[in-house]
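# Structural characterization, general
Here is what each chain is made of, one letter per residue.
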Amino acid sequence: LDAQGPPLHNGRPIRIKYIMQTKGRPPTFLLFCNVEELPTSYLRYLTRNFQETFHMYGMEVRMAIKKSADNPYEKKKKPKSIGIGGWEGRQKRMIKSLKKTGVPPPKKKRKIHKRR
């Protein structure tokens with residue numbers, strides 16, 4: 001993979017995340033990628049490269065491709081804030097107040113705790 005990286009797919013790079021051997025006879029490898037299929041020319045290149053690297057001359061090497069999950073953090077929803085906020089919370093409160101009254105809400109004074 002270092003000598004010849006995978007080609008582009010729809011203008012985006014193909015990423016082979018990891019490879020796992022699933023069978024021994026014939027040697028079968030499962031490639032986890034960000035696409036559902038690789039170009040046949042690149043599969044032939046990988047097959048030949050595996051045969052040379054692992055000294056499997058004349059042996060059939062099988063490659064199977066599996067699309068790995070996309071972004072694992074994409075499905076998680078952000079928790080809805082309950083009055084605690086930060087910048088986004090302040091913006092939401094500001095917009096809500098402007099829609100309701102036409103005037104921005106007054107700024108709250110921060111409490112400063114003194115050390116004893």
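All of these numbers come straight from a predicted model, not from anything done at the bench.

### A closer look at helix H1 (residues 40–53)
Taking 1.5 Å of rise per residue, 14 residues should cover 20 Å, and H1 covers 20 Å from first to last C-alpha, within 8% of that figure. Along H1, the residues that are buried comprise Tyr42, Leu43, Leu46, Thr47, Phe50 and Gln51. The positive-phi residue at the C-terminal boundary of H1 is histidine 55, with phi of around 55 degrees.

### Some words on unusual backbone geometry
With an omega dihedral of -15 degrees, the bond running from arginine 25 to proline 26 counts as a cis peptide bond. Located in the positive-phi region is histidine 55, a residue other than glycine, with phi close to 55 degrees. One can find histidine 55 in the loop between H1 and strand S5 (62–67). Given a relative accessible area of 61%, histidine 55 falls into the exposed group.

### Structural notes on the nonpolar core
Side chains of a nonpolar character, in soluble globular proteins, are inclined to be buried together. Of all hydrophobic cores here, the largest spans 14 residues; its most connected members are Ile16, Phe29, Leu31, Leu38, Leu46 and Met63. Counting residues per element, this core draws most heavily on H1, which supplies four residues. Excluding residues within four positions of it along the chain, methionine 63 makes contact with Phe29, Leu31, Leu43, Leu46, Thr47 and Phe50.

### Some words on the environment of cysteine 33
Of note, cysteine 33 is situated in strand S4 (residues 28–33). With relative accessibility at 0%, the residue cysteine 33 sits in the buried group. With 17 residues separating them in the primary sequence, cysteine 33 and isoleucine 16 have C-alpha atoms 4.4 Å apart.

### Some remarks on the side chain of threonine 47
Along the chain, the position of threonine 47 falls in helix H1. The exposure class assigned to threonine 47 is buried, which follows from its relative accessible area of 17%. Ignoring anything within four residues of it in the chain, the contact list for threonine 47 reads Val61 and Met63.

### Here's the deal with the pairing of S4
Most of S4 is tucked away: six of the six residues are buried. Of the two faces of S4, the one holding Thr28, Leu30 and Phe32 and the one holding Phe29, Leu31 and Cys33 are both buried throughout. By the bridge criterion, six bridges tie strand S3 (residues 16–23) to S4 in an arrangement that is antiparallel. In the strand pairing of S4, lysine 23 is matched with threonine 28. In sequence, S3 turns back onto S4 through a hairpin of four residues. Here S4 runs beside S5; their pairing, made up of six bridges, is parallel. By the bridge assignment for S5, leucine 30 is matched with alanine 64. With H1 bridging S4 and its parallel neighbour S5, the resulting β-α-β unit is right-handed.

Basis of the calculations
- Residues numbered from 1 in each chain as written.
- Predicted model: local features only at pLDDT ≥ 70, side-chain atom pairs only at ≥ 80, totals over all residues.
- Heavy atoms only, no water.
- Helix = DSSP H or I, 4+ residues; strand = E, 2+ residues; numbered from the N terminus.
- Expected span 1.5 Å × (residues − 1).
- Buried < 20%, exposed > 50% of the residue type's maximum accessible area, 1.4 Å probe, protein only.
- Core = buried A, V, L, I, M, F, W, Y, C linked by side-chain atoms within 4.5 Å.
- Contact = heavy atoms within 4.5 Å.
- Pairing = 2+ DSSP bridges.
- Right-handed = clockwise from strand over helix to strand, strands pointing away.

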